[in-house]
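Okay, here's what each chain looks like letter by letter:
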Amino acid sequence: MASFRALVLHEEGGKVASSLETVEEERLPPGDITVSVEYSTLNYKDGMILSGIGRLVRAYPHVPGIDFAGTVERSESPAFKPGDKVVLTGWRVGETQWGGFAEKARVKADYLVPLPPGLATRQAMAIGTAGFTAMLAVIALEQHGLAAGGDVLVTGAAGGVGGVAIALLAKLGHRPVASTGRAELKDYLEGLGAAEIMDRAAFSTAPTRTLDRERWDGAIDAVGGTTLATMLTQLKYRASVAACGLAGGSDLPTTVIPFLLRGVNLLGIDSVMCPKGLRVEAWQRLARDLPLDKLDRMTDEVPLSKIAELAPKILGGTVRGRTVIDVGQ
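Note that this is a predicted model, so its numbers are computed, not measured.

Thoughts on the packing of aromatic side chains
Thought 1: Evaluated as defined, the whole model comprises two aromatic pairs.
Thought 2: Their ring planes at 10 degrees and their centres at 6.0 Å tell us that F132 and W283 sit as a pair that is stacked. Within this pair, whereas F132 is found in helix α2 (residues 121–143), its partner W283 is found in helix α7 (residues 276–289), the two being separated by 151 residues in sequence.

With respect to α7
Thought 1: An ideal rise of 1.5 Å per residue puts 20 Å on 14 residues; α7 measures up with 20 Å between its terminal C-alpha atoms.
Thought 2: Among all positions of α7, only R279, A282, W283, R285, L286 and D289 are buried. Down the axis of α7, the buried set is contained in an arc of 160 degrees. They therefore lie on one face. More than 90 degrees from the buried face of α7, the exposed residues found are G277 and R288.
Thought 3: The secondary structure elements touched by the buried residues of α7 are β5 (85–89), β7 (113–114), α2 and α3 (160–171).

With respect to the packing of α2 against α7
Thought 1: Between α2 and α7, the least distance of the axes is 9 Å, while the angle of their chain directions is 105 degrees. On the basis of their axis angle, the class for α2 and α7 is roughly perpendicular. In this structure, α2 uses A124, I127, G128, G131, F132, M135, L136, V138, I139 and E142 to contact α7, whose residues at the interface are L278, R279, E281, A282, W283, R285 and L286.
Thought 2: Here the contact of α2 with α7 is composed, by residue class, of 11 nonpolar, two polar and four charged.

Here we look at the pairing of strand β1 (residues 3–12)
As a general feature of sheets, a regular strand has side chains that alternate between the two faces.
Thought 1: Alignment of β1 against strand β2 (residues 15–24), held across 10 bridges, turns out to be antiparallel. When the bridges of β2 are listed, L7 appears paired with L20.

Let's talk about the sheet that holds strand β12 (residues 235–243)
Thought 1: Strand order in this open sheet of six strands is β10-β9-β8-β11-β12-β13, and the pairing throughout is parallel. Of all the strands in the sheet, just β10 (196–199) and β13 (265–268) have a single pairing partner and so form its edges. For this sheet, the mean angle separating the axes of adjacent strands, direction not counted, is 20 degrees.
Thought 2: Pairing analysis gives four bridges linking β12 to β13, with the strands arranged parallel. Bridge pairing links A243 to G268 in β13.
Thought 3: With respect to the sheet, helix α5 (residues 225–234) is in contact with β8 (151–154), β11 (216–221), β12 and β13, its orientation differing from that of β12 by roughly 155 degrees.

Examining the side chain of D289
Thought 1: Position of D289 among the secondary structure elements: in helix α7.
Thought 2: Within the structure, D289 has its side chain in polar contact with the side chain of R285 (distance 2.5 Å).
Thought 3: Polar side-chain contacts of D289 include one of 2.9 Å to the side chain of R288.
Thought 4: With residues near it in sequence (within four places) discarded, D289 still touches L168, K171 and L172.

Quick notes on α5
An α-helix turns once per 3.6 residues; consequently, residues spaced three or four apart project the same way.
Thought 1: Within α5, nine of the 10 residues are buried, which leaves the element mostly enclosed by the surrounding structure.
Thought 2: Those residues of α5 lying buried are G225, T227, L228, A229, T230, M231, L232, T233 and Q234.
Thought 3: At its buried positions, α5 is contacted by β8, β11, β12, α6 (257–261) and β13.

A few points about the pattern of salt bridges
Thought 1: Overall, the coordinates contain 22 salt bridges when judged by the stated rule.
Thought 2: The salt bridge partner of R288 is D289, with a shortest N-O separation of 2.9 Å.

Let's talk about the packing of α3 against α7
Thought 1: Put simply, α3 and α7 touch, their axes get as near as 10 Å, and they point 70 degrees apart. Relative to α7, the element α3 is oriented roughly perpendicular. Along this stretch, α3 crosses α7, giving a crossing that reads as left-handed. Of α7, the residues touching α3 (which contributes V164, L168 and K171) are L286, R288 and D289.
Thought 2: The residue inventory of the contact of α3 with α7, partitioned by class, reads three nonpolar, no polar and three charged.

What about the environment of V93?
Thought 1: In this structure, V93 sits in the loop between β5 and β6 (104–107).
Thought 2: We classify V93 as buried; its relative accessible area is 0%.
Thought 3: Spatially, the C-alpha atom of V93 lies 22 Å from that of A222, the residues being 129 residues apart in sequence.
Thought 4: Once residues lying within four places of it in the same chain are set aside, the contact partners of V93 are G65, I66, F68, L88, W98, G99, V107 and Y111.

Remarks on the pairing of β12
Thought 1: The pairing of β11 with β12 spans five bridges and is classified as parallel. Bridging from a neighbouring strand, W216 pairs with L235 of β12.
Thought 2: Taking the sense of rotation as the criterion, the β-α-β connection linking β11, α5 and β12 turns out right-handed.

Definitions and cut-offs
- Residues numbered from 1 in each chain as written.
- Predicted model: local features only at pLDDT ≥ 70, side-chain atom pairs only at ≥ 80, totals over all residues.
- Heavy atoms only, no water.
- Phe/Tyr/Trp six-rings, centres within 6.5 Å; stacked < 30°, edge-to-face > 60°.
- Helix = DSSP H or I, 4+ residues; strand = E, 2+ residues; numbered from the N terminus.
- Expected span 1.5 Å × (residues − 1).
- Buried < 20%, exposed > 50% of the residue type's maximum accessible area, 1.4 Å probe, protein only.
- Arc of directions from axis to C-beta.
- Contact = heavy atoms within 4.5 Å.
- Axes fitted to C-alpha atoms, helices over the stretch in contact; angles between N-to-C directions.
- Parallel < 35°, antiparallel > 145°, perpendicular 65-115°, else oblique.
- Nonpolar A, V, L, I, M, F, W, Y, C, P; charged D, E, K, R; others polar.
- Pairing = 2+ DSSP bridges.
- Polar contact = N/O pair within 3.5 Å; in protein donor to acceptor, adjacent residues only side chain to side chain.
- Salt bridge = Lys/Arg side-chain N within 4 Å of Asp/Glu carboxyl O.
- Left-handed = near helix turned anticlockwise from the far one by under 90°.
- Right-handed = clockwise from strand over helix to strand, strands pointing away.

And the structure:
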């Protein structure tokens, strides 16, 4: 009987613990595609799941990992054949069913996207949900009129979403302005393409004005809370902010005035249940528009055996850029 290595979570006494285990293939969840996983990655949500926060996982034992990339091993769907390279993000894989922190995964064919030409599986996981979300945010801003050449604010710039967003925006002819609380990363952020660095403290208190000086041609926000509320007062006429995170809180202490008097747009970015067509478009755009040398600059690699140690760090905001997981190590 075939078996594989996986990071397995167990819940005991209300606490979640992880261990590397050998798992029989028959325990994989239902699905029409079995994938030999080559790489996964660490996202903020993975940190929550590994730490047992938020009740995202309801049944244990559980294999986490919301992203993976690898090679189709067996297929019962005409959409894919053995040997095809594929990538998965979202669909609540790693939450409601077993995910990618393992050498094998089984999912529905509809969950998978063909790996675009020009990307390796490791590069796809260096992008992962964070980079995919950044691309969705850029696409949404473009659809709402963002033109090249203007100032685009990127909050949470040191994280995965922020880093990929900066690199994409710079490549596409925008002027990314990075907001971060980690001043020591100035050179790193400028190397990704940031034209200016701002201290996140400038956005950390609730705005005192319903409208402030117009500054931003657009924004990508991974923070939420008062940060998002403040940038809404500073968006230029008919400009947009793509909201894709809540690292700074889920509350939004704002008024309707920016929407009524400046016609600004608050665009919600959902990467989990994103439709298949938009997924394919976003991955094709990433392969075309993301400078891979900058992606390498923001990426670290760790073996599967070490990933649980990073969960508190990503939750604490001390993980820089992207972390790729070699599931075979």
